[in-house]
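Chain by chain, the residues:
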Amino acid sequence: MPEQGIDPRGPRFAAGITSVLLLIAAFFAFIGNATARAALTFGWTADQPASGDGLGPSDWWLPRATVAERAADTGFVLVAVAAALFLWGVASPRTAPWGVVFRRFVRPRLSPPAELEDPRPPRFAQGVGLFVTAIGLALHLLGVPLALPIAATAAFVAAFLNAAFGFCLGCQIYLGLQRLGLVGRTA
Amino acid sequence: MSPSVAALTLVAIVLAAALLGVALRRAQGRARRIERSAIAPSDLGIDAGAFGERATLVQFSTEVCARCPQTRRLLADVASTHPGVRHVDVDLTRRLDLARRFRVMQTPTVLVLDGTGEAHARIGGAPRRATVVAELERIGGAHA
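## Some details on the packing of helix α6 (residues 120-141) of chain A against helix α8 (residues 169-179) of chain A
Each packed pair of helices is defined by two parameters, the angle between the axes and the distance between the axes. Residue and element names in this part refer to chain A. Orientation of α6 relative to α8, taken along the N-to-C sense of each, is 65°, at an axis distance of 10 Å. Taken as axis vectors, α6 and α8 run roughly perpendicular relative to one another. Note on packing geometry: the crossing formed by α6 with α8 is left-handed. Contacts from Phe124, Ala125 and Val128 of α6 reach α8 at Leu169, Gly170, Ile173, Tyr174 and Leu177.

## Here we look at the state of the cysteines
Residue and element names in this part refer to chain A. For the structure on display, the rule yields 2 disulfides over all chains. Here Cys168 pairs with Cys171 through a disulfide, and the sulfurs are 2.2 Å apart. Between Cys168 and Cys171 the disulfide shows an S-S torsion of about 85°. By sign, it is right-handed. Each member of the pair, Cys168 as well as Cys171, is classed as buried.

## Quick look at the interface of chain B and chain A
Contact residues are listed per partner, giving 37 residues for chain B and 34 residues for chain A. Taking both partners together, chain B and chain A bury about 3,100 Å²; carbon and sulfur atoms supply 66% of that area. In terms of surface lost to chain A, no three residues of chain B exceed Met1(B), Leu10(B) and Val64(B), which account for 20% of the buried area on that side. Applying the counting rule to chain B against chain A returns 2 salt bridges. Here Arg120(A) ties to Glu63(B) by a salt bridge, and the two come within 3.5 Å at their closest N and O atoms. When contributions to the side of chain B that touches chain A are tallied by element, the ones reaching two or more residues are α1 (3-27), α2 (68-81) and α3 (96-101) of chain B. In terms of residues, the side of chain B that touches chain A owes the most to one element, α1(B), which gives 14 residues. The residue inventory of the side of chain B that touches chain A, partitioned by class, reads 20 nonpolar, 8 polar and 9 charged.

## Description of unusual backbone geometry
With an omega dihedral of -5°, the bond running from Thr107(B) to Pro108(B) counts as a cis peptide bond. Its location among the elements puts Pro108(B) in the loop between α3 and β4 (109-114). Backbone geometry at Leu146(A) places phi at a positive 70°, although glycine is not the residue there. Note that Leu146(A) resides in the loop between α6 and α7 (147-165). Positive phi, close to 50°, is recorded for Arg103(B), a residue that is not glycine. Topologically, Arg103(B) is positioned in the loop between α3 and β4.

## A word on the confidence of the model for chain B
Residue and element names in this part refer to chain B. In this model, chain B carries an average pLDDT of 91, and 97% of its residues clear a pLDDT of 70 or more. Of all secondary-structure elements in chain B, the lowest mean pLDDT belongs to strand β1 (residues 30-38), at 88, while α1 reaches the highest, 95. Complex prediction metrics read pTM 0.86 and ipTM 0.86.

## Considerations on the packing of aromatic side chains
All names here are of chain A. The full count for this structure, using the stated rule, is 6 aromatic pairs over all chains. When the centroid spacing of 5.6 Å and the interplanar angle of 25° are considered together, the rings of Phe156 and Phe160 count as stacked. Placement of the pair is Phe156 and Phe160 together in helix α7, with a separation of 4 residues, close to one helical turn. Considered together, Phe156 and Phe160 belong to a single accessibility category, that of buried residues. Grouping aromatic residues by their ring pairs yields a cluster made of Phe156, Phe160 and Phe165. Over the face of the ring belonging to Trp60 we find Arg37, whose NZ or CZ atom lies 5.2 Å from the ring centre.

## Topic: helix α4 (residues 74-91) of chain A
Residue and element names in this part refer to chain A. With 18 residues, α4 ought to run about 26 Å at 1.5 Å a step, and its terminal C-alpha atoms sit 26 Å apart, in line with that. Among all positions in α4, only Gly75, Phe76, Leu78, Val79, Ala82, Ala83, Leu85, Phe86 and Gly89 are buried. In this structure, the buried residues of α4 make contact with α1 (9-31), α3 (67-71), α5 (97-106), α6 and α7.

## Quick look at the layout of surface pockets
Residue and element names in this part refer to chain B. By volume, the second largest pocket amounts to about 300 Å³. For the second largest pocket, the lining is made up of 14 residues, of which Ile34, Glu35, Ser37, Arg103 and Arg122 are closest to its centre. Elements with a contribution of two residues or more to the lining of the second largest pocket: β1 and β5 (118-124). With 6 residues, β1 is the single largest residue contributor to the lining of the second largest pocket. Grouping the amino acids of the lining of the second largest pocket by side-chain chemistry returns 6 nonpolar, 1 polar and 7 charged.

## Brief notes about α8(A)
Along an α-helix, residues three or four positions apart point the same way, because every turn accommodates 3.6 residues. Among the residues of α8(A), Leu169(A), Gly170(A), Cys171(A), Tyr174(A), Leu175(A) and Gln178(A) are the ones counted as buried. In this fold, the buried residues of α8(A) make contact with α6 and α7 of chain A together with α3 of chain B. Looking one or two residues past α8(A), Gly181(A) carries a phi angle of roughly 85°, positive in sign.

What counts and how
Residues numbered from 1 in each chain as written. Chains lettered and ligands numbered in written order. Predicted model: local features only at pLDDT ≥ 70, side-chain atom pairs only at ≥ 80, totals over all residues. Heavy atoms only, no water. Axes fitted to C-alpha atoms, helices over the stretch in contact; angles between N-to-C directions. Helix = DSSP H or I, 4+ residues; strand = E, 2+ residues; numbered from the N terminus. Parallel < 35°, antiparallel > 145°, perpendicular 65-115°, else oblique. Left-handed = near helix turned anticlockwise from the far one by under 90°. Contact = heavy atoms within 4.5 Å. Disulfide = S-S within 2.5 Å. Buried < 20%, exposed > 50% of the residue type's maximum accessible area, 1.4 Å probe, protein only. Buried area = accessible area lost by both parts, 1.4 Å probe. Salt bridge = Lys/Arg side-chain N within 4 Å of Asp/Glu carboxyl O. Nonpolar A, V, L, I, M, F, W, Y, C, P; charged D, E, K, R; others polar. pLDDT = per-residue confidence, 0-100. Phe/Tyr/Trp six-rings, centres within 6.5 Å; stacked < 30°, edge-to-face > 60°. Lys NZ or Arg CZ within 6 Å of the ring centre and 35° of its normal. Expected span 1.5 Å × (residues − 1). 1 Å grid on protein atoms, 1.4 Å probe; cavity = no way out; pocket = protein on both sides within 12 Å on 5 of 7 lines; lining within 4 Å. Points joined across faces, edges and corners; volume = space filled by probe spheres on them.

As structure tokens, then:
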């Protein structure tokens, strides 16, 4: 365990900003082409079956679109921005933007931290955020409807829980991931 | 989806997340009675003699556990102020075998053992001092 560490308020500040970004991204993902229906877009006016909306694959617009069309979506762009920021947070935590903003503009206005924390847990959380948003982006580009808003929402909830409740994602899911063989291989 | 439906959906999600956060926070750090099982130091990969003669506080941690350092400090302090009580920290980061064996799902997880190495209680999440001391008193490990 490193003696030195980081101000624990930094990652929470970052999580707060990230939450807002992801909430906005989720909003645009919900209203964008990830949820678009083919019938509406192509102007079909055929009667709906009396049994109600069948959400079969033929009803979604996304699977019929080209990759470029799928990517041409505000929600997609915003989730991609979020993913890029997560990647930055994993690859180079010290230079990641929200941390820099915190250290330069916020921390000078605060009293010194009561204690410093290990930077590894927040970095793990960034990795989880990257993974979730990357999956959403990839599935969206492959034409899977709803993947993007669901991923954005999941990432938002994780960031929100951390920002608002100090929830530690690594504390809860690391061992589960270990059981699945995704982390924690013996060196 | 229309913007107003999306906005309402997100409001519902934020509220649900807030409720989830409150529920998770309340569930953390509670002690549960568990079925007695004997644990030896060697089971945890530590030296014989690491256990306390009255009680042992076994903490399971990982490297990506933001709450583990504060729990470590708390338990070490409790151990130092209660004779015969020891604190042991087991790093599960690369020990899937131990995580499985002791069915550890979250960190920190603390097992409260009595003087013979029998586990009496399990605390999931960072405990408060009062919880830990209460468990020690239950097994008679809190008396000076």
